[in-house]
Amino acid sequence: MSKIAPSVLAADFARLEEEIKDADRLGVDMFHLDIMDGHFVPNISYGPGIVRTINRITDTFLDAHLMLSEPEKYFEAFVKSGADLITFHLEVHPDPEPYAAALRDLGVQAGISINPDMPVENVLPFLRHFDLLLLMSVFPGFGGQKFIEDVIPKIEAARHHIDTNGLSTVIQVDGGVDGSNAARCVEAGADILVMGTAFFRSPDRKALTESVHAL
Ligand code: DX5
Ligand code: ZN
């Protein structure tokens, strides 16, 4: 069974509570929270205050994707706001292990992410320190972009590394994931599919959620 992580960025913020509760009723596995600083990525989204609000609405696992130039400055704030897992980018911390340890010390899981132009080989040696690998299938900054196919062999390489080394790191794919490419991501070895536009703009969220769970 594959997992679905709706990206709240694509929700209708005027109806945030309803949007979250509707996703919960359908049995989504976690919420993916895209945090952007206008520096690491060319867009600004929301911060710990909104994460705290979301945490008041739901008991579901909160996965915070920090697209920040100095993510460690905000680890504690996001933990206090209710994040259960925090992902940061290898692009900003090429030696990421101490930051994984800092997250564990704060009592949350640790994730590491790479952009589409970073070879997957760069991140493989660090996977044993992380609970989650987030492979970007778009250049981060905006929802609603087109899925970049080059992520498929990266998923396969990460799956191979994780399995041959007996690691428990899970693989998440993020960016342009929808019904047309979800099965290929899972066949390549992905465990969790982030879906922003595909989930929140779907005419049938229930069928979409069930179809991901059936993969
Ligand atoms: C991109 C974000 C993604 C994005 C996904 O910067 O990291 O999580 O919101 O949205 P869709 O599924 O619309 O590409
Ligand atoms: Zn994301």
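In this report, the structure presented in the accompanying data block is examined. Because the structure is predicted, anything quoted here is derived from the model rather than measured.

## A word on the site of ligand 1
Okay, so step 1: As a matter of local geometry, ligand 1 sits amid 20 residues, with Asp34, Gly141, Asp174, Gly176 and Thr197 nearest to it.
Okay, so step 2: Interatomic distance of 3.4 Å between a side-chain N/O atom of His32 and an oxygen atom of ligand 1.
Okay, so step 3: Taking Gly196, its main chain carries an N or O atom lying 2.8 Å from an oxygen atom of ligand 1.
Okay, so step 4: The fraction of the free accessible surface of ligand 1 (380 Å²) that becomes covered by protein chains is 99%.

## What to know about the coordination of the zinc ion (ligand 2)
Okay, so step 1: Protein ligation of the zinc ion (ligand 2) involves His32 (NE2), Asp34 (OD), His65 (ND1) and Asp174 (OD), the donor distances falling in the range 2.0 to 2.3 Å.
Okay, so step 2: In primary-sequence terms, the residues that donate to the zinc ion (ligand 2) follow H-x1-D-x30-H-x108-D. With His32 in strand β2 (residues 31-36) and Asp174 in strand β7 (residues 170-174), the pair connects residues that are 142 residues apart, well separated along the chain.
Okay, so step 3: For His32, a relative accessible area of 0% corresponds to the buried category.

## Focus on the sheet that holds strand β8 (residues 192-195)
Sheets are built from strands that pair by backbone hydrogen bonding, the pairs being arranged parallel or antiparallel.
Okay, so step 1: If you trace the 8 strands from one edge of the open sheet to the other, you get β1-β8-β7-β6-β5-β4-β3-β2, paired in parallel fashion. Sheet topology places β1 (3-6) and β2 at the edges, where each strand pairs with a single neighbour. Strand-to-strand twist in this sheet, taken as the mean axis angle between neighbours without regard to direction, amounts to 25 degrees.
Okay, so step 2: Its contacts with the sheet place helix α5 (residues 151-164) against β5 (109-114), β6 (132-136) and β7, and it is angled at close to 170 degrees to β7.

Criteria and cut-off values
- Along each chain, numbering runs from 1 in the same order as the chain's sequence is written.
- Whichever chain is written first is A, and whichever ligand is written first is 1; the rest continue in order.
- Owing to the predicted nature of the model, reporting of local features is limited to residues with pLDDT of at least 70; listing and counting of side-chain atom pairs is limited to 80 or more, with chain, interface and lining totals taken over all residues.
- Derived side-chain values reflect all non-hydrogen atoms in the structure, with water molecules and hydrogen atoms excluded from consideration.
- In this text, near means that some heavy atom of the residue lies within 4 Å of the molecule or strand in question.
- N or O atoms within 3.5 Å of each other form a polar contact, as long as, within protein, one can give a hydrogen and the other can take it, and as long as residues adjacent in sequence are counted only when both atoms are side-chain atoms.
- The accessible surface values rely on the Shrake-Rupley method and a 1.4 Å probe; as for residues, cover is taken only from the protein chains in view.
- For Na, K and Ca the donor cut-off is 3.2 Å, and for all other metals it is 2.8 Å, counting N, O and S atoms only; because water is absent from this set, sites may look incomplete.
- Only DSSP runs of H or I reaching four residues or more are called helices, and only runs of E reaching two or more are called strands; each is numbered from the N terminus.
- In this scheme, a residue with accessible area under 20% of its type's maximum is buried, one over 50% is exposed, and one in between is partly exposed, where area comes from a 1.4 Å probe on protein chains only.
- Only when DSSP finds a minimum of two bridges between them are two strands counted as paired.
- Whenever a helix is involved, its axis is fitted only over the stretch in contact; in every case the axis is a line through C-alpha atoms, and angles between N-to-C directions fall within 0 to 180 degrees.
- It only takes one pair of heavy atoms within 4.5 Å for two residues to be counted as in contact.

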